[in-house]
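# Coordinate inspection notes
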Amino acid sequence: DAGVIQSPRHEVTEMGQEVTLRCKPISGHDYLFWYRQTMMRGLELLIYFNNNVPIDDSGMPEDRFSAKMPNASFSTLKIQPSEPRDSAVYFCASSGRDTTNEKLFFGSGTQLSVL
Amino acid sequence: RKEVEQDPGPFNVPEGATVAFNCTYSNSASQSFFWYRQDCRKEPKLLMSVYSSGNEDGRFTAQLNRASQYISLLIRDSKLSDSATYLCVVNMRDDMRFGAGTRLTVKP
């Protein structure tokens with residue numbers, strides 16, 4: 001298995017532009033998580049899905065952020081409009097049916113820089 | 001209060017030292033616990049799960065204290081390759097909440 005695949009690896013954009021981050025989870029995994037990591041705040045859970053359904057989006061910072069999972073093999077995290085304070089590494093992770101005992105598999109992350 | 005709290009460190013120790021990290025969590029209903037390791041500019045990876053009875057994996061020992069709501073990680077005979085950030089993770093409701101991480105540097 002190729003693991004969790006994220007794209008792009010790096011994204012540099014200007015303030016006000018729309019940014020779309022993409023994630024392909026491991027086949028067969030039922031859970032998908034989006035995290036954001038910064039030096040100041042560490043690794044924050046933004047939203048997670050179970051069987052393509054958003055379960056908890058309380059970590060999404062504001063309405064500029066939205067996430068979708070149209071099918072079991074694809075998810076997007078969109079920021080519109082982007083702001084410099086959105087600059088961070090965004091990780092996608094997936095796990096199997098039971099997160100109690102299943103480990104998270106992370107993608108390599110997307111380094112986002114908003115100028 | 002944060003849901004999962006860790007001492008950010010850094011911990012700077014010589015090779016061969018024993019080092020311990022603690023992590024506290026706020027939700028007493030939390031179900032499962034883990035330690036992850038993250039190398040610089042890399043994604044986090046599972047180091048070990050933490051079981052109620054405590055568990056050991058080579059030089060690494062993890063313990064859980066539900067009454068006091070904390071988990072710990074002990075690294076014995078530390079190696080240069082142990083240098084990394086160690087993240088504790090608490091599973092509360094199928095979500096997986098991370099602490100901010102504790103940075104460890106092992107020096108020759």
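Here, every reference points to the structure presented above.
Note that this is a predicted model, so its numbers are computed, not measured.

Attention now moves to the overall build of chain B. Along chain B, the regular secondary structure elements total zero helices and eleven strands. Taken from the N to the C terminus, the helices and strands of chain B come in the order β-β-β-β-β-β-β-β-β-β-β. Taken over the C-alpha trace, chain B has a radius of gyration of 13 Å; the compact-globule value for 108 residues is 13 Å, and the two agree within 12%. Summarising its shape, the C-alpha atoms of chain B cover approximately 40 × 30 × 20 Å along the three principal directions. Taking all 108 residues of chain B together, the buried fraction comes to 46%. Counting only contacts in chain B whose residues sit at least 6 apart along the sequence, the fraction spanning at least 24 positions is 57%. Total accessible area computed for chain B in this model is approximately 5,300 Å², and 47% of it derives from carbon and sulfur atoms.

Turning our eyes to something else, we now look at the packing of aromatic side chains. Residues and elements named next belong to chain A. Considering all chains together, one arrives at twelve aromatic pairs over all chains under this definition. Ring plane angle 20° and centroid distance 5.3 Å describe the contact between F33 and Y48, whose orientation is recorded as stacked. Of the two residues, F33 sits in strand β4 (residues 31-38) while Y48 sits in strand β5 (residues 42-50), which places them 15 residues apart along the sequence. Residues F33 and Y48 agree in their burial class; the two are buried.

Opposite the 19 residues of chain A that make contact, chain B presents 17 residues. Carbon and sulfur atoms make up 51% of the surface buried where chain A meets chain B, a total of about 1,600 Å² over both sides. Connecting chain A to chain B are one salt bridge. On inspection of chain A and its partner chain B, the count reaches four residue pairs in polar contact (both at pLDDT 80 or more). For the side of chain A that touches chain B, the secondary-structure elements that each account for two or more residues are β4 and β5 of chain A. When grouped by side-chain class, the residues that make up the side of chain A that touches chain B number nine nonpolar, seven polar and three charged.

Attention now moves to the pairing of strand β9 (residues 88-95) of chain A. The side chains of a regular strand alternate, residue by residue, between the two faces of the sheet. Residue and element names in this part refer to chain A. Among the eight residues of β9, eight are classified as buried, and the element is accordingly described as predominantly covered. Neither face of β9 is exposed, since A88, Y90, C92 and S94 on one face and V89, F91, A93 and S95 on the opposite face are all buried. Pairing analysis gives seven bridges linking β4 to β9, with the strands arranged antiparallel. The partner of Y35 across the bridge, within β9, is F91. Pairing analysis gives three bridges linking β9 to strand β11 (residues 110-114), with the strands arranged antiparallel. Bridge pairing in β11 places A88 opposite L112. Where β9 meets strand β10 (residues 105-106), two bridges bridge the pair, whose relative direction is antiparallel.

Here is what the cut-offs are and how they apply
- Residues numbered from 1 in each chain as written.
- Chains lettered and ligands numbered in written order.
- Predicted model: local features only at pLDDT ≥ 70, side-chain atom pairs only at ≥ 80, totals over all residues.
- Heavy atoms only, no water.
- Helix = DSSP H or I, 4+ residues; strand = E, 2+ residues; numbered from the N terminus.
- Rg over C-alpha atoms; globule rule 2.2 N^0.38 Å.
- Buried < 20%, exposed > 50% of the residue type's maximum accessible area, 1.4 Å probe, protein only.
- Contact = heavy atoms within 4.5 Å.
- Areas by Shrake-Rupley, 256 points an atom, 1.4 Å probe, with all protein chains shown as cover.
- Phe/Tyr/Trp six-rings, centres within 6.5 Å; stacked < 30°, edge-to-face > 60°.
- Buried area = accessible area lost by both parts, 1.4 Å probe.
- Salt bridge = Lys/Arg side-chain N within 4 Å of Asp/Glu carboxyl O.
- Polar contact = N/O pair within 3.5 Å; in protein donor to acceptor, adjacent residues only side chain to side chain.
- Nonpolar A, V, L, I, M, F, W, Y, C, P; charged D, E, K, R; others polar.
- Pairing = 2+ DSSP bridges.

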